Amino acid sequence: MSDLDPRVFPPAKTRTHEVCGPGAYTFAFALAARLGGHCMWVRGGWDSTEINPNGFADFIAPEDLTVCRTKDQLQTLAVAEEALRAGAVSLVVMTLNKPLGLTEGRRLQLAARDGRATGLALIPEGMGSNAAETRWRCTPVFDPGDSTLQRWEIIKNKSGTLGVWHVRWDAASRRFIMVSPAGE
């Protein structure tokens, strides 16, 4: 086992990234843990998923997360942009349910740069913006002895290569560690 390559994770700061797949929430909380500081999670009214502090306490302290509920995606993007630009948080996570246009994506990139923060959009599979710096697909890997095993794949990368990693969460160090894929 070794640490996940720092050229890969965490993704570039002051940029906005995307993640999809059933492991997207785990990726988001792992990124929040790795970046440290305060995180804002912006969720549209369409998103009925509840974020339970007991579920993410191994990643970040509940007091380090602010959850904001918006009425629709337009408002989600506006709140996320302002939070990124303000520079008061290290990470802004936003859940999106509709494709993001190039203009909106570019506005998020500029806001992340200006506020020196990182943005992460949780998107449905197959959706994504051309403005995103990276796009990740994250899925849990079945392991009867360890429920934290994940498969992380970079499926879009503007400034590097694509790749696949099997990672395991280490709660003591609050970081993901790269592991060899399980044998067939």
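To be clear, the structure that these remarks concern was listed above.
What you are looking at is a predicted structure, and each value in this text was computed from that prediction instead of being measured.

Definitions and limits used
- Residues numbered from 1 in each chain as written.
- Predicted model: local features only at pLDDT ≥ 70, side-chain atom pairs only at ≥ 80, totals over all residues.
- Heavy atoms only, no water.
- 1 Å grid on protein atoms, 1.4 Å probe; cavity = no way out; pocket = protein on both sides within 12 Å on 5 of 7 lines; lining within 4 Å.
- Points joined across faces, edges and corners; volume = space filled by probe spheres on them.
- Nonpolar A, V, L, I, M, F, W, Y, C, P; charged D, E, K, R; others polar.
- Helix = DSSP H or I, 4+ residues; strand = E, 2+ residues; numbered from the N terminus.
- Buried < 20%, exposed > 50% of the residue type's maximum accessible area, 1.4 Å probe, protein only.
- Disulfide = S-S within 2.5 Å.
- Pairing = 2+ DSSP bridges.

Regarding empty space enclosed by the protein
Here is step 1: As enumerated under the stated definition, the model contains one cavity of 30 Å³ or more in all.
Here is step 2: Roughly 40 Å³ of internal volume is contained in the largest cavity.
Here is step 3: Around the largest cavity sit T16, E18, L100, G105, L108, Q109, S129, A131 and A132, which together line it.
Here is step 4: In the lining of the largest cavity, the residues fall into four nonpolar, four polar and one charged.

Looking at the environment of D114
Here is step 1: By secondary structure assignment, the location of D114 is in helix α4 (residues 102-115).
Here is step 2: Owing to a relative accessible area of 42%, D114 belongs among the partly exposed residues under this scheme.
Here is step 3: Counting along the chain gives 24 residues from D114 to S90, while the straight-line C-alpha distance between them is 12 Å.

Focus on the state of the cysteines
Here is step 1: The final tally for this structure, using the stated rule, is zero disulfides.
Here is step 2: Free of any disulfide, C39 has its nearest cysteine sulfur in C68, 12 Å distant.
Here is step 3: With no disulfide of its own, C138 has C20 as its nearest cysteine by sulfur position, at a separation of 7.5 Å.
Here is step 4: The exposure class assigned to C138 is buried, which follows from its relative accessible area of 0%.

A short note on the pairing of strand β9 (residues 163-170)
Side chains on a regular strand alternate between the two faces of the sheet.
Here is step 1: The pairing of strand β8 (residues 149-157) with β9 spans six bridges and is antiparallel. Counterpart to I154 in the pairing with β9 is G163.
Here is step 2: The turn linking β8 back onto β9 is made up of five residues.
Here is step 3: Bridge count between β9 and strand β10 (residues 175-179): five bridges; the pairing is antiparallel. Bridge pairing in β10 links W169 to F176.
Here is step 4: Hairpin geometry of β9 and β10 is characterised by an intervening segment of four residues between the two adjacent antiparallel strands and by a positive phi of about 50 degrees at R174.

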